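Notes for the structure review
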Amino acid sequence: MLDSFGRKITYLRLSITDRCNLRCRYCMPEDGVPPTAHDDLLRYEELLRIAAAAVSLGIDRFKVTGGEPLVRRGCVDFIQHLKALPGVRQVTLTTNGLLLPLLLDELCTAGLDGVNISLDTLNNEQYQRLTRRTHTANEVLDTVRLCAARLPTKVNAVLLPETADQLIPLAELAQTLSIDVRFIERMPLGAGENDQTIRADAALDRLRAHWPDLTPVNQPRGNGPARYFHTPDMQGCLGLIDAVSHSFCDRCNRLRLTSTGLLKPCLCYEQGVELRPLLRGGADEAALRDAIRAAILQKPAAHCFQQRESITEHKSMNQIGG
Ligand code: SAM
Ligand code: SF4
């Protein structure tokens, strides 16, 4: 379906939990967020009903996210059921990777189409400082290698001043492995809303200085707003997601559903359509479809990350799903 600005909405991010086994500084407060009451969380059957209604409006690609989606029991079965829904074309997952080695076989069997693994640094000490936990970047890197052999795999790294020395080492992963490495501007939301980002253009200048033959990839790649670049000796591509410094809102194709059932038209604003009362109040598929249509029609022309005083979203990223 088209929104009020003529944009085709085809992609829904489904957050299935706000819990996480890490505490990344730019995403979550050190003590976590107050736990969501179990009953407030959408059940998997409810998520599947929403997905089916979304499909009927032309949304056929889904990203399962969180918090850390793999900490929620039953996540793999949910992915299998989601992928099996008629009309669903693609189901991918975004994860910190820690539980992936345990679940990778099952996820492949469930029909998962791809995985994004968040890894902001290859330096173990930096990783532990950033995530406030004792896991290591080496563990995650081993998982990236494991996944790259089985599934379309992307590494996502947030552009942080404290990990500036990691830009080239992370980008080199696209040379040695058949994966895309994407660098994302840190958005002024959640725990680190006043922290700085490295601008994507500055990152691109440094990548170009290292790889003078870096050229833009012109054909579409993935569902998102990344600008991709490539050199002949790279197996994968490098991506830049300049969510803050350049608005790519004119190409926005997505909605986001929080784990408690708020359907968000835009990352930047707190407004949305509450689906949980509908689901639990006996709404049929037509009513759900109308609610999703209403959220699509509420999509604003653009986000407001450049004018921070206009940001009305105060939830942290683990509550929104990234
Ligand atoms: N736990 C999973 C993970 O880390 O991939 C999924 C949820 S996490 C909220 C989704 C994505 O949001 C991650 O790639 C994370 O780096 C990104 N993220 C979190 N806070 C962010 C921020 N303030 N700016 C930009 N990206 C952020
Ligand atoms: Fe957890 Fe992902 Fe947020 Fe890190 S970015 S705290 S892994 S939800």
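Attention in this report is confined to the structure presented alongside it. Bear in mind the structure is a predicted one, so any value in this text is a computation, not a measurement.

The rules behind these values
- Residues numbered from 1 in each chain as written.
- Chains lettered and ligands numbered in written order.
- Predicted model: local features only at pLDDT ≥ 70, side-chain atom pairs only at ≥ 80, totals over all residues.
- Heavy atoms only, no water.
- Near = heavy atom within 4 Å.
- Nonpolar A, V, L, I, M, F, W, Y, C, P; charged D, E, K, R; others polar.
- Buried < 20%, exposed > 50% of the residue type's maximum accessible area, 1.4 Å probe, protein only.
- Helix = DSSP H or I, 4+ residues; strand = E, 2+ residues; numbered from the N terminus.
- Pairing = 2+ DSSP bridges.
- Polar contact = N/O pair within 3.5 Å; in protein donor to acceptor, adjacent residues only side chain to side chain.
- Areas by Shrake-Rupley, 256 points an atom, 1.4 Å probe, with all protein chains shown as cover.
- Contact = heavy atoms within 4.5 Å.
- Arc of directions from axis to C-beta.
- Core = buried A, V, L, I, M, F, W, Y, C linked by side-chain atoms within 4.5 Å.
- Phe/Tyr/Trp six-rings, centres within 6.5 Å; stacked < 30°, edge-to-face > 60°.
- Lys NZ or Arg CZ within 6 Å of the ring centre and 35° of its normal.
- Axes fitted to C-alpha atoms, helices over the stretch in contact; angles between N-to-C directions.
- Parallel < 35°, antiparallel > 145°, perpendicular 65-115°, else oblique.
- Left-handed = near helix turned anticlockwise from the far one by under 90°.

Here we take up the site of ligand 2. In the neighbourhood of ligand 2, the contacting residues comprise Cys20, Leu22, Cys24, Cys27, Met28, Gly67, Asn96 and Asn318. Here the residues of the shell around ligand 2 sort into 5 nonpolar, 3 polar and no charged.

Bringing the pairing of strand E10 (residues 254-257) into the picture now. Here E10 shows two buried faces, one formed by Arg254 and Arg256 and the other by Leu255 and Leu257. Of the strand pairs in this sheet, strand E1 (residues 11-15) and E10 are connected by 4 bridges, and their pairing is parallel. Looking across to E10, one finds that leucine 14 is bridged to leucine 257. The sheet contact formed by E10 and strand E11 (residues 262-264) spans 2 bridges and is antiparallel. Note that in E11 the partner of arginine 256 across the bridge is lysine 264. As consecutive antiparallel partners, E10 and E11 are separated by 4 residues, and within that stretch glycine 261 has a phi angle of approximately 100°, a positive value.

Before going further, it helps to spend a moment on the site of ligand 1. In the vicinity of ligand 1 lie 18 residues, with Gly67, Thr94, Ser118, Met187 and Met317 positioned nearest. One nitrogen or oxygen atom from the main chain of threonine 95 is found 3.4 Å from an oxygen atom belonging to ligand 1. Residue methionine 187 places a main-chain N or O atom 2.7 Å away from a nitrogen atom belonging to ligand 1. Within the complex, 94% of the 540 Å² of free accessible area of ligand 1 lies under protein. Per-class residue counts for the shell around ligand 1 are 6 nonpolar, 9 polar and 3 charged.

What follows concerns the environment of asparagine 194. In this structure, asparagine 194 sits in the loop between strand E6 (180-185) and helix H8 (200-210). A sequence separation of 168 residues divides asparagine 194 from tyrosine 26, and the C-alpha atoms of the two residues are 9.4 Å apart. Not counting the four nearest positions on each side in its chain, asparagine 194 is found in contact with Arg186 and Arg308.

This part is about helix H3 (residues 100-110). For H3, every residue scored as buried is listed here: Leu100, Leu103, Leu104, Leu107 and Ala110. One side of H3 carries all its buried residues, which in axial view fall inside an arc of 135°. Facing away from the buried surface of H3 by more than 90 degrees, the exposed residues are Leu102, Asp105 and Thr109. Looking at the buried residues of H3, the elements they touch are helix H2 (75-84), strand E3 (90-95), strand E4 (114-118) and helix H5 (137-148). Glycine 111 sits one or two residues past H3 and shows a positive phi near 100°.

As a further point, take the nonpolar core. Ranked by size, the top nonpolar core spans 107 residues in total, and within it Leu12, Phe62, Phe78, Ile79, Leu82 and Phe183 carry the most contacts. When residues in this core are grouped by element, the largest group, 8 residues, is from helix H1 (residues 44-55). When residues no more than four places from it in sequence are discounted, the contact partners of isoleucine 79 are Val64, Val91, Leu93, Leu107, Ala110 and Leu112.

Okay, the packing of aromatic side chains next. Per the counting criterion, the structure on display carries 1 aromatic pair. A cation over an aromatic ring shows up here: arginine 72 above the ring of tyrosine 44, its NZ or CZ 4.1 Å from the ring centre. We note arginine 221 situated over the ring of tyrosine 228; from NZ or CZ to the ring centre the distance is 5.8 Å.

The interhelical angle for the contact between H3 and H5, taken along N-to-C directions, is 10°, at an axis separation of 10 Å. With respect to their mutual orientation, H3 and H5 come out roughly parallel. Of the two elements, H3 crosses H5, and the hand of that crossing is right-handed. Counting all contacts with H3, which are made through Leu100, Pro101 and Leu104, the residues of H5 involved are Thr143, Leu146 and Cys147.

Two orientations exist for strands paired in a sheet by backbone hydrogen bonds: parallel and antiparallel. Reading across from one edge, E7-E8-E9-E6-E5-E4-E3-E2-E1-E10-E11-E12 is the order of the 12 strands in this open sheet, with mixed pairing throughout. Looking at strand neighbours, the two that pair on one side only are strand E7 (215-216) and strand E12 (273-274), the edges of this open sheet. Here strand E2 (residues 61-65) pairs with E3 via 4 bridges, running parallel. Its bridge partner lying in E3, phenylalanine 62 is registered against valine 91. Across the sheet, H5 lies against E4 and strand E5 (153-159), angled at about 165° from E4, the strand it touches most.

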